[in-house]
Amino acid sequence: GAGQVLAVVAFSLGLILVLVGGAELFTGNTLMVVTWVEREAGSGPVLRALGWAYATNLVGSLGVVALALAAATVGNIIGGAVIGGAYWFALLRKG
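What counts, and where the lines are drawn
- Residues numbered from 1 in each chain as written.
- Predicted model: local features only at pLDDT ≥ 70, side-chain atom pairs only at ≥ 80, totals over all residues.
- Heavy atoms only, no water.
- Helix = DSSP H or I, 4+ residues; strand = E, 2+ residues; numbered from the N terminus.
- Buried < 20%, exposed > 50% of the residue type's maximum accessible area, 1.4 Å probe, protein only.
- Areas by Shrake-Rupley, 256 points an atom, 1.4 Å probe, with all protein chains shown as cover.
- Patch = residues over 30% accessible without salt bridge, like charges linked within 9 Å, V, L, I, M, F, W, Y side chains within 5 Å.
- Salt bridge = Lys/Arg side-chain N within 4 Å of Asp/Glu carboxyl O.
- Contact = heavy atoms within 4.5 Å.
- Expected span 1.5 Å × (residues − 1).
- pLDDT = per-residue confidence, 0-100.

A few words on the overall build of the protein chain. Of regular secondary structure, the protein chain possesses 4 helices and 0 strands. Counting helices and strands in the order they occur from the N terminus, the protein chain gives α-α-α-α. Taking all 95 residues of the protein chain together, 2% fall into the buried category. When the accessible surface of the protein chain is totalled, it reaches about 8000 Å², and 75% of it is carbon and sulfur.

Structure representation (structure tokens):
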């Protein structure tokens, strides 16, 4: 019913806001530690998982930097950065 639709929309919106805001989910960070504390996993697997997470996040962030630099370079070549900057400046002045 309507309650289920509202729950789905609220959950989806919350997840999108977390991802767009660059935040991390509480459960993602704590479940691995809880698993280790409760001795369901040893230190090796937990450290290996954390290492993989760190390495893949580093690769992903460097990829985003490369895309941003490529976009800035292309924008400067065709003059888009100047035009885009003037557009945003005009919008900010209007309030």
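So, about unusual backbone geometry. Here the phi dihedral of R39 falls at roughly 60°; this positive angle occurs in a residue that is not glycine. Structurally, R39 is set in the loop between α2 (26-37) and α3 (43-78).

On to a nonpolar patch on the surface. A surface patch of nonpolar side chains, amounting to about 320 Å² of accessible area, comprises F11, L15 and L19. When you line up the elements, L15 lands in helix α1 (residues 2-20). Note on L15: relative accessible area 31%, which makes it partly exposed.

Quick look at the environment of M32 now. Tracing the backbone shows M32 in helix α2. Overall, M32 belongs to the partly exposed group, its relative accessible area being 25%. Considering only alpha carbons, one finds M32 and L50, 18 residues apart in sequence, at a separation of 8.5 Å. In this structure, M32 is in contact with V46, A49 and L50, ignoring residues within four places of it in sequence.

Glancing now at α1. A rise of 1.5 Å per residue sets the reference length of α1, with its 19 residues, at 27 Å; its end C-alpha atoms lie 27 Å apart and thus fit the reference within 8%. Burial runs low along α1: only 0 of the 19 residues are buried. Directly beyond the C-terminal end of α1, a positive phi value near 75° is found at G22.

To continue, consider the confidence of the model for the protein chain. Taken residue by residue, the protein chain gives an average pLDDT of 75. The fraction at 70 or more is 71%. Taking the mean pLDDT of every element in the protein chain, the minimum, 56, falls on helix α4 (residues 80-94) and the maximum, 85, on α1.

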